[in-house]
Amino acid sequence: MTSISPIDKPITIVAISGSLRPNSSNHAVLNVVKEIIGDRAKFTQFEGLTDIPAFDDNPNPVRAVFDFRNLLREADGVLICSPEYAFGIPGALKNAIDWTVSSGELVNKPLALITAATGGEKAHAAWLLVFTALSANMPDGSMLHLPYIRSKLNQNGQINNPEILKTIENVVDSLIITINQTRNRIE
Ligand SMILES: Cc1cc2nc3c(=O)[nH]c(=O)nc-3n(C[C@H](O)[C@H](O)[C@H](O)COP(=O)(O)O)c2cc1C
């Protein structure tokens, strides 16, 4: 029987939006990400942030935490797309990430970060600290700060500005290159 080499398995990328708002501009960014990825990877958008309880370090957490950790563990790469709220990072996403600190799903994980907000520099800097603390693999080319995001949406709430599309494409390309390098090294 021939076994499938890990290198032959399709790449999996899990994306998480830090915004739970309807008509979120971060969701609009993730729609672009999904389109750019196309058939280069299996793209999964995690939608379960509101199911994750406040972090309490319970060694036997509820199923939602278990499933979240599993999803991240199995992913070849993770893409975070986050707004800035009150000069900080969104609480629901930070809370979910806190559940991975002891279990280590993001250690060495290829990770892309897009901070899309009105300003966003504080949240971007804070996320960089968080993911550095978690030892994620964060190539410079996969870190993108997108300010004035609302002004970049068209009347249908979509992003179609060619310059912005190109910068998002560069992030995705960088993430996929890093994932492939990581998989080659493991192989
Ligand atoms: C409660 C709240 C607080 C906000 N605080 C900030 C902020 O501190 N800095 C900033 O750049 N934008 C701030 N904004 C504006 C958001 O960056 C902007 O609304 C962005 O579109 C939010 O992303 P979303 O559309 O994906 O939810 C805030 C928005 C809300 C709703």
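1. Quick word on the sheet that holds strand β4 (residues 111-116)
What the five strands build is an open sheet, ordered β2-β1-β3-β4-β5; its pairing is parallel. On the outer flanks of this sheet lie β2 (42-46) and β5 (143-146), each paired with one strand and no other. Direction aside, the axes of adjacent strands within the sheet are offset by 15 degrees on average. Note that strand β1 (residues 12-17) and β2 share five bridges and pair parallel. In the sheet register, A15 faces β2, and the bridge partner there is Q45. Each of β1, β2 and β3 (77-82) is contacted by helix α2 (residues 63-74), which is oriented at about 135 degrees to β1, the strand it contacts most.

2. Topic: the pattern of salt bridges
Going through the model one piece at a time under the given rule, you end up with five salt bridges. A salt bridge links D173 to R40; the nearest nitrogen and oxygen atoms lie 3.0 Å apart. A residue pair is termed long-range when its members are at least 10 positions apart, and D173 in helix α5 (residues 162-186) and R40 in the loop between α1 (25-37) and β2 qualify at 133 residues.

3. Some words on the site of the ligand
The environment of the ligand is made up of 16 residues, and the closest members are S19, R21, S24, F87 and G119. One nitrogen or oxygen atom from the side chain of S25 is found 2.7 Å from an oxygen atom belonging to the ligand. Within the complex, 74% of the 610 Å² of free accessible area of the ligand lies under protein. Residues belonging to the shell around the ligand are distributed by class as follows: six nonpolar, seven polar and three charged.

4. Considering the nonpolar core
Membership of the largest hydrophobic core comes to 28 residues, with the highest contact counts inside it found for V29, V33, L79, I114 and I168. Listing elements by their share of this core, those giving two or more residues are β1, α1, β3, β4, β5 and α5. It is α5 that provides the largest number of residues to this core, a total of seven residues. Residues F68, L72, L106 and L134 belong to the second largest nonpolar core, which totals 27 residues.

5. Considerations on helix α4 (residues 121-133)
A rise of 1.5 Å per residue sets the reference length of α4, with its 13 residues, at 18 Å; its end C-alpha atoms lie 18 Å apart and thus fit the reference within 8%. Listing the buried residues of α4 in full gives A123, H124, W127, V130 and F131. Down the axis of α4, the buried set is contained in an arc of 125 degrees. They therefore lie on one face. Projecting away from the buried face of α4 at angles above 90 degrees are the exposed residues L129 and A133. Contact partners of the buried residues in α4: β3, α3 (91-98), β4 and β5. After α4 finishes, the residue S135 shows a positive phi value of roughly 60 degrees.

6. A word on the environment of I164
Tracing the backbone shows I164 in helix α5. For I164, a relative accessible area of 9% puts it in the buried group. A sequence separation of 135 residues divides I164 from V29, and the C-alpha atoms of the two residues are 9.6 Å apart. If we skip the residues at most four places from it in the chain, I164 touches L146, K152 and I159.

7. Observations regarding the packing of α3 against α4
Between α3 and α4, whose axes approach to 12 Å, the crossing angle comes to 10 degrees. By the angle between their axes, α3 is roughly parallel relative to α4. Taken together, the residues of α4 that come into contact with α3 (itself represented by L93, K94 and I97) are W127, V130 and F131. Partitioned by chemical class, the residues of the contact of α3 with α4 number five nonpolar, no polar and one charged.

Reading the values: the criteria
Residues numbered from 1 in each chain as written. Predicted model: local features only at pLDDT ≥ 70, side-chain atom pairs only at ≥ 80, totals over all residues. Heavy atoms only, no water. Pairing = 2+ DSSP bridges. Helix = DSSP H or I, 4+ residues; strand = E, 2+ residues; numbered from the N terminus. Axes fitted to C-alpha atoms, helices over the stretch in contact; angles between N-to-C directions. Contact = heavy atoms within 4.5 Å. Salt bridge = Lys/Arg side-chain N within 4 Å of Asp/Glu carboxyl O. Near = heavy atom within 4 Å. Polar contact = N/O pair within 3.5 Å; in protein donor to acceptor, adjacent residues only side chain to side chain. Areas by Shrake-Rupley, 256 points an atom, 1.4 Å probe, with all protein chains shown as cover. Nonpolar A, V, L, I, M, F, W, Y, C, P; charged D, E, K, R; others polar. Core = buried A, V, L, I, M, F, W, Y, C linked by side-chain atoms within 4.5 Å. Buried < 20%, exposed > 50% of the residue type's maximum accessible area, 1.4 Å probe, protein only. Expected span 1.5 Å × (residues − 1). Arc of directions from axis to C-beta. Parallel < 35°, antiparallel > 145°, perpendicular 65-115°, else oblique.

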